[in-house]
Amino acid sequence: DIVMTQSPLSLSVTPGEPASISCRSSQSLLYYSGNYYLDWYLHKPGQSPQLLIYWGSKRASGVPDRFSGSGSGTDFTLRISRVEAEDVGVYYCMQALQVPGTFGPGTKLEIK
Amino acid sequence: EVQLVESGGGLVQPGGSLRLSCEGSGFIFTDYSMYWLRQAPGKGLECVSAISATRTYYADSVKGRFTVSRDNSKNTLYLQMDSLTDEDMAVYYCARGDTAGHYYGLDVWGHGTTVTVSS
């Protein structure tokens, strides 16, 4: 089974400042298509989780461009260029290479 | 509007059974793989099960106890949960997965249904 880890597990950011979350998988997430099967989700309080990034770097529909994903192999990063108050919640990476997928432990982002 | 609506959650005794449903609308249900995920109190997200047109998948934590199925004529996904323990207590979400073998993330989620396991 693919094990996912994230760091940090919590983050406190001043509005307007950048934020970065790292995600590591226990094996490469490269699919034969050439895409990395790594997603990022945001779970806001009281809401259902929402997809932010798929294939490691593709923004989902409607996701603001302040969110970006990068990485390859086993190491991936989610960046928020300028954190806004509405970005609070728990961020999860998820590998989708082995179905049904496994999540990282989550990174809780709060606003200073 | 693309939408998923779960139902069937509730209170069940340890060792009991429950069947969750997830009805999809606004998209061609048959064309998509579907997932069940959960979040236990104070814990993170967990993929529980998935179903494509031809295959089913389970997390080790539920293998042999949970059964995923779908009725495409009703645009509905199911999760039959047997031998429930307090570790299965969670909010259960359904989500839409890949289409025609192309994966673009779990892009649509339901609102969730709560399963409580208690005597």
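Rules used throughout
Residues numbered from 1 in each chain as written. Chains lettered and ligands numbered in written order. Predicted model: local features only at pLDDT ≥ 70, side-chain atom pairs only at ≥ 80, totals over all residues. Heavy atoms only, no water. Pairing = 2+ DSSP bridges. Helix = DSSP H or I, 4+ residues; strand = E, 2+ residues; numbered from the N terminus. Axes fitted to C-alpha atoms, helices over the stretch in contact; angles between N-to-C directions. Salt bridge = Lys/Arg side-chain N within 4 Å of Asp/Glu carboxyl O. Buried < 20%, exposed > 50% of the residue type's maximum accessible area, 1.4 Å probe, protein only.

Novice: Would you mind going over the pairing of strand β3 (residues 18-25) of chain B in detail, with residue names and values included?
Specialist: The two faces of a sheet get side chains in turn, since along a regular strand they alternate between them. Residue and element names in this part refer to chain B. In the sheet, strand β1 (residues 3-7) pairs with β3 via five bridges, with the strands oriented antiparallel. Counted as the bridge partner of Q3 is S25 from β3. Pairing between β3 and strand β8 (residues 76-81): six bridges, direction antiparallel. Paired with L18 across the bridge in β8 is M81.

Novice: Can you break down the sheet that holds strand β3 (residues 19-25) of chain A residue by residue, with the values?
Specialist: Residue and element names in this part refer to chain A. The four strands lie next to each other as β1-β3-β8-β7, forming an open sheet whose pairing is antiparallel. Two strands close off the open sheet at either side, each with one partner strand: β1 (4-7) and β7 (67-72). Across the sheet, the axes of successive neighbouring strands diverge by a mean angle of 20°, strand direction being ignored. Across six bridges, the pairing between β7 and strand β8 (residues 75-80) is antiparallel. Residue pairing for β8: G69 is matched across the bridge by L78.

Novice: An account of the pattern of salt bridges is needed here, citing residue identities and associated values.
Specialist: One pass over the structure, following the stated rule, counts nine salt bridges over all chains. One salt bridge connects R24 of chain A with D75 of chain A, and the closest N-O pair in it is separated by 2.5 Å. With R24 of chain A in strand β3 and D75 of chain A in strand β8, this pair connects stretches of sequence that are 51 residues apart. The exposure class of R24 of chain A is partly exposed, given its relative accessible area of 49%. We note a salt bridge from R38 of chain B to D88 of chain B, for which the minimum N-O separation is 3.0 Å. Taken together, the positions of R38 of chain B in strand β4 (residues 32-39) and D88 of chain B in the loop between β8 and β9 (90-99) put the pair 50 residues apart, joining distant regions of the chain. With respect to class, R38 of chain B is no different from D88 of chain B; both count as buried. Residues joined by salt bridges that share partners form a network here, namely R66, E84, E86 and D87 of chain A.

Without other data, these values stay purely geometric and don't point to any function.
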